[in-house]
Amino acid sequence: FLAIWVLLTWGQQLFAAIFQGLQRYVLLSVLSALVPIILGILTVVFVVLCDTGLSGALVTRLAAGLIVTALAAWFLRGFISAPRASYREEWPTIKQALVPAAFMTASITLLISFDKLFVRNFLPPDDSGGLGAIVTLGQIPMWFLLPLVTILLPMVSAEHAAGADVSRWLTQA
């Protein structure tokens, strides 16, 4: 179950990166805002009405992720089926960034999954508050970096692709 959840979270991050690259921030925001709404509805259905307890809560999280990922894929169907450009010249740079980017994505996925699943649900009350605070405080740097990743990097990519000088963007970053 956890492996499916990690793969699903990875897919959501991939679709979010594609939305950012396409500069579809409104759609990305709408899909992000839908997650708690879908979670609330499915929680009422599986946990309250069907009285399935913890297994219903886990199924709720998985189902909400699947629904949002399916919606994202549906909105990106034109992009997914579009012809691909060759990245042969950029491949050495991509290879250098691949391991650090994969490590960061896996770390964030595991951190968020660990916090939501174990810290908030299974630790004793004396332990979960402190660990929850540490996890929350550990996410503060991510909130400083998210504007750079979601807004600045797609703009720099567009400028670079057009052949413009990007040094001023690096200074602002």
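Fair warning: this is a prediction, and the values are worked out from it, not measured in the lab.

### Section: the confidence of the model for the chain
Caution applies to low-pLDDT parts of the model: their predicted coordinates are not meant to be read in detail.
Thought 1: A residue-level look at the chain finds 87% of positions with pLDDT of 70 or above and a mean pLDDT of 79.
Thought 2: Confidence, expressed as mean pLDDT per element, reaches its minimum in the chain at helix α6 (residues 125-138) with 68 and its maximum at helix α2 (residues 25-49) with 87.

### Some points on a nonpolar patch on the surface
Thought 1: A contiguous nonpolar patch, built from Ile 37, Ile 41, Val 44, Val 45, Val 48 and Leu 49 and spanning about 560 Å² of accessible area, is present on the exposed surface.
Thought 2: Examined against the element boundaries, Val 45 turns out to sit in helix α2.

### With respect to helix α3 (residues 53-75)
Structural remark: α-helix, 3.6 residues per turn; residues separated by three or four positions point the same way.
Thought 1: For α3, which comprises 23 residues, the first-to-last C-alpha distance of 33 Å matches the rise-based estimate of 33 Å (1.5 Å per residue) to within 8%.
Thought 2: Those residues of α3 lying buried are Gly 56, Thr 60, Leu 62, Ala 63, Ala 64, Gly 65, Val 68, Thr 69 and Ala 72.
Thought 3: In this structure, the buried side of α3 is in contact with α1 (2-21) and α2.

### Some points on the packing of aromatic side chains
The geometry of two aromatic rings is summed up by the distance between their centres and the angle between their planes.
Thought 1: Considering all chains together, one arrives at 1 aromatic pair under this definition.
Thought 2: With 5.1 Å between their ring centres and 70 degrees between their planes, Trp 74 and Phe 75 make a pair best called edge-to-face.
Thought 3: Exposure remark for Phe 75: the relative accessible area of 33% places this residue in the partly exposed category.
Thought 4: Stacked on the ring of Trp 74, the Lys or Arg Arg 77 has its end atom at 4.1 Å from the ring centre.

### Digging into the packing of α2 against α3
Thought 1: Packing of α2 against α3 brings their axes to within 9 Å, and their N-to-C directions diverge by 150 degrees. One way to sum up the angle between α2 and α3 is to call them roughly antiparallel. Two packed elements cross with a definite hand, and for α2 against α3 that hand is right-handed.
Thought 2: Among the residues forming the contact of α2 with α3, the class breakdown is 18 nonpolar, 4 polar and 1 charged.

About the criteria used
Residues numbered from 1 in each chain as written. Predicted model: local features only at pLDDT ≥ 70, side-chain atom pairs only at ≥ 80, totals over all residues. Heavy atoms only, no water. pLDDT = per-residue confidence, 0-100. Helix = DSSP H or I, 4+ residues; strand = E, 2+ residues; numbered from the N terminus. Patch = residues over 30% accessible without salt bridge, like charges linked within 9 Å, V, L, I, M, F, W, Y side chains within 5 Å. Areas by Shrake-Rupley, 256 points an atom, 1.4 Å probe, with all protein chains shown as cover. Salt bridge = Lys/Arg side-chain N within 4 Å of Asp/Glu carboxyl O. Expected span 1.5 Å × (residues − 1). Buried < 20%, exposed > 50% of the residue type's maximum accessible area, 1.4 Å probe, protein only. Contact = heavy atoms within 4.5 Å. Phe/Tyr/Trp six-rings, centres within 6.5 Å; stacked < 30°, edge-to-face > 60°. Lys NZ or Arg CZ within 6 Å of the ring centre and 35° of its normal. Axes fitted to C-alpha atoms, helices over the stretch in contact; angles between N-to-C directions. Parallel < 35°, antiparallel > 145°, perpendicular 65-115°, else oblique. Left-handed = near helix turned anticlockwise from the far one by under 90°. Nonpolar A, V, L, I, M, F, W, Y, C, P; charged D, E, K, R; others polar.

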